[in-house]
Amino acid sequence: MAGRVDLDGNPIKPITICMIGAGGFIGSHLCEKLMSETPHKVLAVDVYSDKIKHLLEPATLAWADRIQFHRINIKNDSRLEGLIKMADLTINLAAICTPADYNTRPLDTIYSNFIDALPVVKYCSENGKRLIHFSTCEVYGKTIGAFLPKDSPLRQDPAYYVLKEDASPCIFGPIEKQRWSYACAKQLIERLVYAEGAENGLEFTIVRPFNWIGPRMDFIPGIDGPSEGVPRVLACFSNNLLRREPLKLVDGGESQRTFIYIKDAIEAVLLMIENPARANGHIFNVGNPNNEVTVRQLAEMMTQVYSKVSGESSIETPTIDVSSKEFYGEGYDDSDKRIPDMTIINKQLGWNPKTSLWDLLESTLTYQHRTYAEAVKQAMSKTTAN
Ligand SMILES: NC(=O)c1ccc[n+]([C@@H]2O[C@H](COP(=O)([O-])OP(=O)(O)OC[C@H]3O[C@@H](n4cnc5c(N)ncnc54)[C@H](O)[C@@H]3O)[C@@H](O)[C@H]2O)c1
Ligand SMILES: O=C(O)[C@H]1O[C@H](OP(=O)(O)OP(=O)(O)OC[C@H]2O[C@@H](n3ccc(=O)[nH]c3=O)[C@H](O)[C@@H]2O)[C@H](O)[C@@H](O)[C@@H]1O
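None of the values given here were measured: they were computed from a predicted structure.

S.K.: So what exactly am I meant to see when it comes to the side chain of Asn239 here?
M.R.: You can see Asn239 is positioned in helix H8 (residues 233-242). Judged by its relative accessible area of 10%, Asn239 falls in the buried class. Excluding its chain neighbours within four sequence positions, the residues that come into contact with Asn239 are Ile220, Pro221 and Glu245.

S.K.: Please clarify how the site of ligand 1 should be interpreted in this entry.
M.R.: Looking at ligand 1, there are 25 residues lining it, with Phe25, Asp46, Asn73, Tyr182 and Trp212 nearest. Between ligand 1 and Asp46, the relevant distance is 2.7 Å, taken from an oxygen atom to a side-chain nitrogen or oxygen of the residue. Take Ile74: an N or O atom from its main chain is 3.0 Å from a nitrogen atom of ligand 1. Against a free-state accessible area of 810 Å², the protein chains account for coverage of 89% of ligand 1. Put simply, the parts of the chain that give the shell around ligand 1 at least two residues each are helix H1 (25-37) and helix H7 (181-200). Its residues placed into classes, the shell around ligand 1 shows 15 nonpolar, seven polar and three charged.

S.K.: What should I look at first to understand the pairing of strand S7 (residues 204-209) in this one?
M.R.: Within a regular strand, side chains alternate between the sheet's two faces. Of all six residues that make up S7, six are buried, and the element is covered over most of its length. Of the two faces of S7, the one carrying Phe204, Ile206 and Arg208 and the one carrying Thr205, Val207 and Pro209 are both buried. Relative to S7, strand S5 (residues 130-134) runs parallel, the two sharing four bridges. Bridge pairing in S7 links Phe134 to Val207. Taken together, the five bridges between S7 and strand S12 (residues 282-286) define a ladder with parallel strand orientation. Bridge pairing in S12 links Thr205 to His282.

S.K.: Is there a simple way to think about the packing of helix H11 (residues 295-310) against helix H14 (residues 357-385) in this case?
M.R.: Helix-helix packing is characterised by the crossing angle of the two axes and by the distance between the axes. Axis separation between H11 and H14 bottoms out at 9 Å; the angle between their running directions is 55 degrees. Here H11 lies oblique to H14, going by the angle between them. Where H11 crosses over H14, the handedness of that crossing is right-handed. Residues Leu298, Met301, Met302, Gln304, Val305, Tyr306, Lys308, Val309 and Ser310 of H11 touch H14, and the partners they reach there are Leu357, Trp358, Leu361, Glu362, Leu365, Thr366 and His369. The class makeup of the residues in the contact of H11 with H14 is 10 nonpolar, four polar and two charged.

About the cut-offs
Residues numbered from 1 in each chain as written. Chains lettered and ligands numbered in written order. Predicted model: local features only at pLDDT ≥ 70, side-chain atom pairs only at ≥ 80, totals over all residues. Heavy atoms only, no water. Helix = DSSP H or I, 4+ residues; strand = E, 2+ residues; numbered from the N terminus. Buried < 20%, exposed > 50% of the residue type's maximum accessible area, 1.4 Å probe, protein only. Contact = heavy atoms within 4.5 Å. Near = heavy atom within 4 Å. Polar contact = N/O pair within 3.5 Å; in protein donor to acceptor, adjacent residues only side chain to side chain. Areas by Shrake-Rupley, 256 points an atom, 1.4 Å probe, with all protein chains shown as cover. Nonpolar A, V, L, I, M, F, W, Y, C, P; charged D, E, K, R; others polar. Pairing = 2+ DSSP bridges. Axes fitted to C-alpha atoms, helices over the stretch in contact; angles between N-to-C directions. Parallel < 35°, antiparallel > 145°, perpendicular 65-115°, else oblique. Left-handed = near helix turned anticlockwise from the far one by under 90°.

Put into structure tokens, the structure is as follows:
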């Protein structure tokens, strides 16, 4: 760790980071990186700590004096301002961010993504503290190309679908499509953070992740999360593969996504943390434009990769189609296509993603198999016995 320098060759000074939502998927990877590769301290705030337990115990861990867990619900805890004051930088990751919740729990979604984030922005602004706020690629909503006729040649033109931080519009569906409650709340908090920067000098960076995936993402229903819960697609498909049941393709699996390996994405966040002069005042897309697939192609690739890592042949009917109404309920809608423009992050931080979709699925599904296969087998044999 000695002699670490930033992108401009200046020595990096150790700082204290108040990380809200540190116990989640992204937070757990960020804490791991900060503990193993940097001298920084983390005040880890969350209601859960299971995903960072390996970093908190035993007390003999090399970084034990650099990470503290604070079990705090930021909705109603007066200790939050004190922690933000103690830190040099606050990173806010806390959110409800699973699509199954957006149309079924729209109030919780809006409160979590907008109202609960307000005090964090306010405390940072009032106390002159830097803020890295996690938004989402969902703020772009649908592409302009989605509104062109199906056979229009313009659909092939990147100008109609590549998403640029400083140029693309935010296109959401009607209010009754409650799917957009999340994207809309995230957009408004982005505008508020930006305005605090413009009017009150808040030093901020906004991150728009594009489908970051990897180990510890969400939960496997009935194993380490509710049986009826619906996590994001990686965990849904992992659950299907572990149970040897068909992967469910919502509305034909035609939507397109670009998936990025969590470890590549965390490199980008570390650059933002350690290069404030280059990151402040910017909104950054963080994704992998080279890893685009339809959801159907993702299902096919995951099926192949899982066979390889588990040694089990795939089932006869690997996928089935389901309607979005059946899968998510009333009010669901979808982003058609999400390709991040990388110009700004390249210019400011010189960052590029590295890992191919096949490779990231291979390491992630190896983890899923090792972590869950036995537990799923046991849970299934219990259900059959009953
Ligand atoms: N994973 C992705 O690809 C992705 C994509 C786009 C945006 N994001 C954004 O990044 C952030 C982190 O996402 P993630 O994938 O790690 O999600 P996650 O659900 O795994 O992590 C969020 C964490 O925040 C905590 N939290 C929520 N409300 C809280 C509260 N009131 N008080 C204290 N803790 C609270 C949760 O317990 C959880 O541990 C979110 O803001 C999300 O919207 C993630
Ligand atoms: O990860 C991101 O960048 C953002 O996008 C996600 O949204 P989305 O990509 O729509 O969510 P997933 O659950 O990962 O679903 C991806 C696609 O797979 C489909 N899907 C999902 C699950 C399933 O079993 N089958 C299936 O076909 C969905 O309909 C959707 O088209 C979530 O909103 C957030 O975590 C985040 O802000």
